[in-house]
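Here is how the chains run, residue by residue.
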Amino acid sequence: MPNVATSTADLLSTLHPAAHLDGDGLVIDDERAFREGGVRDLAWTAAFSTDEATTAAAQWLVWEASQALGALSASIQELYAARGRGEVAGFTVPAINLRAQTFDMARTVFEAAMSAEVGAVILELARSEQKYTYQRPIDFSTAVLAGAIAAGWRAPVFIQGDHYQFNAKKYAADPEAMTEEIRRACRLAVDAGYRNIDIDSSTLVDLSKPTVDAQQRENYERAAELTALIRSLEGDGVTISVGGEIGEVGSKNSTVEELQAYLDGYRRELDARRPDAVGISKVSVQTGTSHGGVPLPDGSVAEVKLDFEVLRELGDMARAYGLAGAVQHGASTLPDELFHRFPAVETAEIHLATGFQNALFEHPAFPASLHREIEAWCSGNAAEERKPGQTDQQFVYTTRKKAIGPFKRQLWDLETKDEILAAQRRKISFLYTELGVNGSREMVTAYIRPVEVHRPMPDILREAVAAG
């Protein structure tokens with residue numbers, strides 16, 4: 001079982017002899033030992049230490065190790081800009097939401113990527129997921145970078161803030177307060193090392209307005225405002241990839257008129273706030289899916305009717321504006337036989353979350369006793385979310401994600417996790433193949449130039465160095 005350090009002294013002693021501190025930095029003495037054991041202890045300490053100083057020290061050590069070992073957090077902006085110029089095509093980037101077992105899942109994603117020379121893969125966490133998975137941006141970026149290090153990954157690491165979404169009811173009550181929530185979320189994400197952020201103000205679209213431009217106005221105005229903010233936070237020379245969205249997932253399908261109104265209005269607003277600033281790199285659209293899928297009474301998921309022609313048409317228009325194309329949300333619960341169609345219609349990116357969560361909870365090796373505990377937790381803590389007429393299976397399916405945070409340590413420490421992770425790896429490898437990103441590492445290397453960024457050493461580690 002990985003060690004969770006109880007103090008910074010304990011933490012440093014755990015790292016010896018794989019690494020040590022020297023002056024203001026971290027020195028890796030035994031790379032193999034650090035990747036195979038040291039970084040795992042850092043990840044567990046960062047995730048589960050109850051001492052704030054020790055947690056901060058572990059987070060810093062993981063960040064500095066990522067700089068030393070070539071797993072640098074990066075923006076996918078230049079690859080997407082190249083796609084907008086027509087220089088690359090024929091692939092769809094998987095953006096995988098890691099809700100549970102983040103360190104081991106990240107390691108698995110990167111190990112599978114290395115075996116197929118994949119470079120174009122994003123790991124992400126939605127703003128809503130932060131709360132119920134007990135993962136602040138710094139927690140998520142630390143676990144992802146640690147997983148990359150453990151995998152032996154030496155390539156850009158694309159960490160993304162997914163669905164930085166406006167709550168429509170809160171916005172109607174107090175637009176400034178709701179917008180400030182998203183501003184703060186963006187600042188925290190950038191501080192944590194995210195270099196990719198998706199702004200979702202599509203919840204502000206008002207279809208009762210008389211024109212398409214009026215319907216989209218609140219959406220594109222807030223997206224432009226937040227893009228300008230993000231551009232002001234770029235202090236390392238890296239242009240953060242920003243995504244926009246025109247249609248809330250689960251509602252009506254998006255149209256060409258909506259996309260054009262959004263993109264034209266967005267550009268006007270961004271130029272007014274920050275002339276000539278780089279705009280969004282992609283845009284999410286609605287084509288028939290819903291987040292998490294629609295559970296049937298027996299707990300299975302209903303078949304989705306996804307309109308690939310809408311994806312193709314909107315993607316073509318997005319590229320005419322210089323974007324990488326359209327983004328598909330809610331894709332992880334789709335049938336396997338559909339995934340090859342995304343690159344066929346030049347979908348820029350798809351988001352994959354609930355399918356991997358389901359693969360964890362529904363794997364035969366998942367302990368039955370833990371299942372019962374989680375179901376009891378859902379009944380005791382999420383009963384108000386039960387919809388009229390829901391079966392027990394439907395209720396558990398829709399609420400069990402809320403148990404991921406409360407059961408975080410048990411999920412990270414599962415004795416049977418290797419068997420479950422092997423199944424996850426097979427699905428990830430399948431998706432890489434179907435989405436056309438096998439062999440994409442060379443392409444990523446050609447366009448992405450990660451910037452090495454060192455952070456100031458925490459005072460408590462500096463004191464440890466001084467004390468010898």
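The structure reproduced in this document is the subject of the present report. (Residues numbered from 1 in each chain as written. Predicted model: local features only at pLDDT ≥ 70, side-chain atom pairs only at ≥ 80, totals over all residues. Heavy atoms only, no water.)

A word on unusual backbone geometry. Cis geometry marks the peptide bond from His-16 to Pro-17, where omega comes out at 5°. Looking at the secondary structure, you find Pro-17 in the loop between α1 (8–15) and β1 (19–22). At Glu-117, a residue that is not glycine, the phi angle is positive and equals roughly 55°. Among the secondary structure elements, Glu-117 is positioned in the loop between α5 (102–115) and β5 (122–126). (Helix = DSSP H or I, 4+ residues; strand = E, 2+ residues; numbered from the N terminus.)

This paragraph deals with the packing of aromatic side chains. The tally for this structure, following the rule as stated, stands at ten aromatic pairs. Their ring planes at 45° and their centres at 6.1 Å tell us that Phe-339 and Phe-342 sit as a pair that is tilted. For the residue pair Phe-339 and Phe-342, the accessibility class agrees, reading buried in each case. By way of ring pairs, the aromatic residues Trp-44, Phe-48, Phe-103 and Trp-412 are connected into one cluster. The cationic tip of Arg-409 hangs over the ring face of Phe-48; the distance from NZ or CZ to the ring centre is 4.8 Å. For Arg-455, the ring lying beneath its charged end belongs to Trp-63, and the centroid distance is 3.6 Å. (Phe/Tyr/Trp six-rings, centres within 6.5 Å; stacked < 30°, edge-to-face > 60°. Buried < 20%, exposed > 50% of the residue type's maximum accessible area, 1.4 Å probe, protein only. Lys NZ or Arg CZ within 6 Å of the ring centre and 35° of its normal.)

Our next topic: the pattern of salt bridges. Following the criterion strictly, the structure yields 34 salt bridges and no others. For Lys-427, the salt bridge is made with Asp-336, and the minimal N-O distance between the two is 3.3 Å. Residue Lys-427 is found in helix α18 (residues 417–434), and its partner Asp-336 is found in the loop between β10 (326–328) and α13 (341–344); the two are separated by 91 residues along the sequence. With a shortest N-O distance of 2.6 Å, Asp-413 and Arg-409 are connected by a salt bridge. A relative accessible area of 18% places Asp-413 in the buried class. Members of the salt-bridge network, linked through shared partners, are Arg-40, Asp-104, Arg-107, Glu-111, Lys-417 and Arg-425. (Salt bridge = Lys/Arg side-chain N within 4 Å of Asp/Glu carboxyl O.)

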